[in-house]
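A structural walkthrough
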Amino acid sequence: MAPAQDIVIENLLKALSRTIMLAEGNDSELDKQLQNIRANLGKSQEPEVLQQTLQMLEPMVLKYDEDRLARAQAFRAHLLLLIDTIDALPNIQLPAPEKKQLESDIRKSWQSASHWPELLAQAIKLSSNALKNPVSQSKSHSLLGRFFRRKDTSETNNSNQSDIMSHVSHTLAALLTNISLPEVYRDQLLDIQKALTGNKDLNHLPALLDEVINLIMVAVGKTQEDLTTYLSQLNQQLASINASILSNYKAQKNMSSSRKDFSDTFMQHVDSTQTDVRNATDLDALKHLIDERMHTITEAMTSFQDKMQNQEKQAAQSITQLKNKVNRMEQDANQLRSNMQEKIAQALSDALTGLPNRAAYQDTIFPLLTAAAQTKQPLCIAICDVDHFKRINDTWGHLAGDKVLRLMPKQVQSALKKEHLVYRYGGEEFIVVFPMTTLDEAYQYCDKIRLAVEKTPFNMNGDPISVTISIGVSLFNGKESHDELFERADKNLYQAKEQGRNGVIRDN
Ligand SMILES: Nc1nc2c(ncn2[C@@H]2O[C@H](COP(=O)(O)OP(=O)(O)OP(=O)(O)O)[C@@H](O)[C@H]2O)c(=O)[nH]1
């Protein structure tokens, strides 16, 4: 094969191998097959290998597509069931226009996984509003009071509530079975499903709903949908590249067979001329014969040269086309990679404060704990919770509350070093991770945070108001689970609240 074509095929196989690598990490069965394909690609550089690869890829892409559709159908069915379940509850009526709008949005967007979080968030908002405003006054307490307020734990055993809990929880758990998540999130997914189906306490529902949305965001961050579309595109591009390579390969074969034909014809002419010369008796006739043979040979050579030039031109053209196709494929792969990175970054950051969110915290804390256990270096976490935040919302409005939350990272970070990691964990709660920091040091930093917040006059409609924060700090003991560490920090935070707020409590 011509060296230029070798290089193109080598690049093509490299690009194919890289793009297949991109598709990995979505489905363990698919991963196995893709890894096999990559191993085979590494062993040979023949066009036939490429063709076999394409034949193997096609059914996989089709199956992936079918699975995706089945998941989307199940998602739609469960979401509609969730809405109907809420709507069918006694004293609860979803406002008809919003419900209609949501149903229409579901009809429009159910197939696209990137819209799922939005649809789910819309359904949850609609349900929560309806639960907040029961149609009859016969219910003495707002259900939402318990549904969406964490600390009000009274009267949770009424039968309507456990009905709601059971319906909503089971439907949400079913919704989650349709989300295809990377393997590392499997345990988290199982935990949430277990918590949803086993939980009898309505007060835990908001936190669980948060987790559900976070998980969906992570799933979308992996851009299943983009990958599927991309894989189909890739399949088409590869098919067209493969056709070019095969036709190129054939052209090369034709060229060598033309060369062979020419050399056979040439040898035949030389042989027969030699025989004729040997048998010739008349010089004039011999001269004439040689002239004639020379003419035939020249003609054959000219036609051969024309043919070769033509074929070489075609081969050069198709190699250029091939290079362009390979370049386009690489560009598409790069584009997809940066889209994926962007979406993952979006899924891991909190829109209001710009801080990394709870999913980001979960992504980082486990490797940090493992490293701390191995290196025996100290690590602390602190849970920071704005005091009486509900009062701020109630007095100054929700937007003012948002403003306080937006300003909070600056105050918190002003007290910290760049190696300390700050996350918005949810609501008015922030978490700081202190790698390689002793409990004493972490306590000092937390007290600085507390002071920085206390000193900041948050401006509300021109009036400076004072905001304070309570913090619970705990030190990782090198052996315990994350949950144990977290619970201790949460308990310390609770104590700080109990002792009058605006304080920091650490492990004993
Ligand atoms: N403005 C705004 N409010 C939020 C946001 N997330 C949660 N909240 C509100 O934060 C309030 C938290 O209230 P609680 O958990 O009762 O606690 P608190 O009023 O801060 O009281 P303590 O923690 O006991 O000091 C609730 O009213 C939530 O509605 C948000 O993103 N923006």
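Residues numbered from 1 in each chain as written. Predicted model: local features only at pLDDT ≥ 70, side-chain atom pairs only at ≥ 80, totals over all residues. Heavy atoms only, no water.

Per an unreviewed UniProt entry, the protein chain is named diguanylate cyclase, and its organism is Marinomonas communis. Its UniProt record gives the protein chain a comment under Cofactor (unreviewed entry), which states: "Mg(2+)". Listed in UniProt under the heading Catalytic activity (unreviewed entry), the comment for the protein chain reads: "2 GTP = 3',3'-c-di-GMP + 2 diphosphate". (UniProt positions renumbered as here; feature names shortened; annotations may be inferred.)

1. Notes on the overall build of the protein chain
Looking only at helices and strands, the protein chain has 16 helices and seven strands in total. Relative to its full complement of 508 residues, the protein chain shows a buried share of 45%. The long-range share in the protein chain, meaning contacts at least 24 apart out of those at least 6 apart in sequence, stands at 72%. Carbon and sulfur atoms make up 51% of the accessible area of the protein chain, which totals about 27000 Å². (Helix = DSSP H or I, 4+ residues; strand = E, 2+ residues; numbered from the N terminus. Buried < 20%, exposed > 50% of the residue type's maximum accessible area, 1.4 Å probe, protein only. Contact = heavy atoms within 4.5 Å. Areas by Shrake-Rupley, 256 points an atom, 1.4 Å probe, with all protein chains shown as cover.)

2. Notes on the pairing of strand β2 (residues 421–426)
Where β2 meets strand β3 (residues 429–435), five bridges bridge the pair, whose relative direction is antiparallel. Looking at β3, one finds that R424 is bridged to F430. Linkage of β2 to β3, two consecutive antiparallel strands, is achieved through a turn of two residues, within which G427 is found at a positive phi near 45°. (Pairing = 2+ DSSP bridges.)

3. Some details on the site of the ligand
As a structural note, the neighbourhood of the ligand is formed by 17 residues, with H388, F389, K390, D402 and R501 the closest of them. Residue V386 places a main-chain N or O atom 3.2 Å away from an oxygen atom belonging to the ligand. In the environment of the ligand, an oxygen atom lies 2.9 Å from a nitrogen or oxygen atom belonging to the side chain of K497. Protein contact buries 77% of the 670 Å² of open area that the ligand shows by itself. (Near = heavy atom within 4 Å. Polar contact = N/O pair within 3.5 Å; in protein donor to acceptor, adjacent residues only side chain to side chain.)

4. Some remarks on the packing of helix α13 (residues 389–396) against helix α14 (residues 398–414)
α14 packs onto α13 with a crossing angle of 135° between their chain directions and a minimal axis gap of 6 Å. One element, α13, and the other, α14, form an angle in the oblique class. Across the interface between the two elements, F389, I392, N393 and W396 from α13 touch H398, A400, G401, V404 and L405 from α14. (Axes fitted to C-alpha atoms, helices over the stretch in contact; angles between N-to-C directions. Parallel < 35°, antiparallel > 145°, perpendicular 65-115°, else oblique.)

5. A word on the nonpolar core
If you look at the biggest cluster of nonpolar residues, it comprises 32 residues, and the most contacted ones within it are M408, V432, F434, V467, I471 and V473. Counting residues per element, the ones that place at least two in this core are β1 (379–386), α13, α14, β3, α15 (439–455), β4 (457–460) and β6 (469–475). For this core, the element with the most residues is α15, which contributes six residues. Counting 25 residues, the second-largest nonpolar core is a separate cluster that includes F75, W110, A123 and A173. (Core = buried A, V, L, I, M, F, W, Y, C linked by side-chain atoms within 4.5 Å.)

6. Observations regarding α14
The α-helix advances 3.6 residues per turn, and as a result positions three or four apart in sequence lie on the same side. Under the 1.5 Å per step criterion, the end-to-end length of α14 is 25 Å for 17 residues, consistent within 8% with the ideal 24 Å. Taking the largest bend as the criterion, α14 deviates by roughly 30°, centred on L407, and proline P409 comes between one and four positions later. Residues of α14 that are buried include every one of A400, G401, D402, V404, L405, M408, P409, Q411 and V412, and no others. (Expected span 1.5 Å × (residues − 1). Bend = angle between axes of the 7 residues up to and from the residue.)

7. Here's the deal with the packing of aromatic side chains
To describe a pair of aromatic rings, one takes the distance between the centres and the angle between the planes. Within this structure, the stated rule accounts for four aromatic pairs. Taking the centre distance of 5.9 Å and the plane angle of 20° together, the rings of F434 and Y445 count as stacked. With F434 in strand β3 and Y445 in helix α15, this pair connects stretches of sequence that are eleven residues apart. On the basis of relative accessible area, F434 is assigned to the buried category, the value being 0%. Taking the relative accessible area as the measure of exposure, Y445 reaches 14% and is therefore buried. The side chain of R76 reaches across the aromatic face of W110, ending 4.0 Å from its centre. Positioned above the aromatic ring of Y443, the side-chain terminus of R506 is 4.4 Å from the ring centre. (Phe/Tyr/Trp six-rings, centres within 6.5 Å; stacked < 30°, edge-to-face > 60°. Lys NZ or Arg CZ within 6 Å of the ring centre and 35° of its normal.)

8. Comments concerning the packing of helix α12 (residues 358–375) against helix α16 (residues 482–498)
Working note: a packed helix pair is described by the angle between its axes plus the distance between those axes. α16 packs onto α12 with a crossing angle of 110° between their chain directions and a minimal axis gap of 11 Å. As the angle between them shows, α12 and α16 are arranged roughly perpendicular. Side by side, α12 and α16 meet where Y361, I365, F366 and L369 of the first sit next to H482, L485 and F486 of the second.

9. Remarks on the environment of N129
In this structure, N129 sits in helix α5 (residues 116–132). Accessibility expressed as a relative area gives 33% for N129, which makes it partly exposed. For the pair formed by N129 and L94, sequence separation is 35 residues and the distance between their alpha carbons is 8.2 Å.

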